[in-house]
Amino acid sequence: MDIQDLQILTVSSLSKGVYATFSVHSVENNNSQKKTANNTEGGSNPKWNFSIDVAAAQKNNLTLMVKLKEKRIFGEDKDIGEILVPIKNLLDSYGESNDLKLVSYELGMNRDGKSKGQVHFSFKFGEVTQSSLV
């Protein structure tokens with residue numbers, strides 16, 4: 001199986017108290033989910049790392065889910081919005097370069113019909129490596 005690392009860097013447009021969570025979901029296996037811990041140590045430059053199955057991504061079977069939440073002192077954190085990005089879209093837009101690529105996605109509309117805003121993040125892919133399942 002070909003494995004490629006995906007690194008998400010520098011989420012911007014987050015106001016104070018707002019944080020992002022990233023997870024990768026498989027279309028074929030709904031129970032298959034890779035999720036990173038909330039990155040609070042990264043300060044204004046958090047990082048998330050995933051290893052993805054290249055073949056599954058190229059078949060458009062993997063989706064990156066980004067959820068934005070607002071930290072609350074009491075009770076559960078408030079959901080602000082989420083975006084779903086097919087990993088294939090990121091692969092297709094990446095090209096042959098090893099440079100960081102910046103993307104922006106709309107969070108959707110609130111009840112008043114106004115935009116909830118955008119989330120911007122940079123990403124890059126590592127080298128493709130071989131992995132064997134044991």
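Keep in mind that what you see is a predicted model, and the values were worked out from it rather than measured.

Calculation notes
- For every chain, the first residue of the written sequence is number 1, and numbering continues from 1 along that sequence.
- In keeping with the model being predicted, local features are shown solely for residues with a pLDDT of at least 70 and side-chain atom pairs are shown and tallied solely at 80 or more, while totals for entire chains, interfaces and linings include all residues.
- To obtain the side-chain values, all non-hydrogen atoms of the structure were used and water was disregarded.
- Whether a residue is buried, partly exposed or exposed follows from its accessible area with a 1.4 Å probe, protein chains only, as a fraction of its type maximum: under 20%, in between, or over 50%, in that order.
- Working definition: helices are DSSP H or I runs of at least four residues, strands are E runs of at least two. Numbering for both runs from the N terminus.
- The arc in question is traced by the directions running from the helix axis to the C-beta atoms.
- When the centres of two rings from Phe, Tyr and Trp lie within 6.5 Å, Trp using its six-membered ring, the rings pair. Their planes under 30 degrees apart give stacked, over 60 give edge-to-face, and anything left gives tilted.
- Polar contact is the term for a pair of N or O atoms within 3.5 Å; when the atoms are in protein, one must be able to donate a hydrogen and the other to accept it, and sequence-neighboring residues count only if both atoms are side-chain atoms.
- Think of it this way: DSSP has to see at least two bridges between two strands before they count as a pair.
- Each reported salt bridge corresponds to a side-chain nitrogen of Lys or Arg within 4 Å of a carboxyl oxygen of Asp or Glu.

Concerning helix α2 (residues 87-94)
Move 1: When we look at burial in α2, the residues that qualify are I87, L90, L91 and Y94. All buried residues of α2 lie within an arc of 100 degrees about the axis, which places them on one face of the element.
Move 2: The positive-phi residue at the C-terminal boundary of α2 is G95, with phi of around 75 degrees.

Regarding the packing of aromatic side chains
Move 1: Under the defined criterion, the tally for this structure stands at six aromatic pairs.
Move 2: Their ring planes at 40 degrees and their centres at 5.8 Å tell us that Y94 and F123 sit as a pair that is tilted. One end of the pair, Y94, is in helix α2; the other, F123, is in strand β8 (residues 118-130), and 29 residues separate them in sequence.
Move 3: Owing to a relative accessible area of 0%, F123 belongs among the buried residues under this scheme.
Move 4: Judged by centre distance (5.8 Å) and plane angle (80 degrees), the ring pair of F123 and F125 falls under edge-to-face. Each of the two residues, F123 as well as F125, counts as buried.
Move 5: Connected via pairs of aromatic rings, a cluster forms that spans F22, Y94, Y105, F121, F123 and F125.

Considerations on the side chain of S23
Move 1: Along the chain, the position of S23 falls in strand β2 (residues 18-26).
Move 2: Accessibility expressed as a relative area gives 5% for S23, which makes it buried.
Move 3: At 2.9 Å, the side chain of S23 and the side chain of H25 are in polar contact.

Regarding unusual backbone geometry
Move 1: Located in the positive-phi region is N60, a residue other than glycine, with phi close to 65 degrees.
Move 2: Summarising the element assignment, N60 is placed in the loop between α1 (54-58) and β5 (62-70).

Brief notes about the pairing of β2
Move 1: Burial analysis of β2 places nine of its nine residues in the buried class, the great majority of the element.
Move 2: Of the two faces of β2, the one holding V18, A20, F22, V24 and S26 and the one holding Y19, T21, S23 and H25 are both buried throughout.
Move 3: Two strands pair when backbone bridges link them, and β2 and β5 are joined in this way by nine bridges, in the antiparallel orientation. Its bridge partner being in β5, H25 is matched across the sheet by T63.

Concerning the pattern of salt bridges
Side-chain pairs of opposite charge can arise whenever the charged atoms involved come near each other.
Move 1: Under the counting rule described, the total for this entry stands at two salt bridges.
Move 2: Ionic pairing is found between D79 and K69, a salt bridge with its closest N-O pair at 3.2 Å. Here the residue D79 occupies a position in strand β6 (residues 78-86), and K69 occupies one in strand β5, the gap between them amounting to ten residues.
Move 3: Note that D92 and K88 form a salt bridge whose closest N and O atoms lie 2.9 Å from each other.

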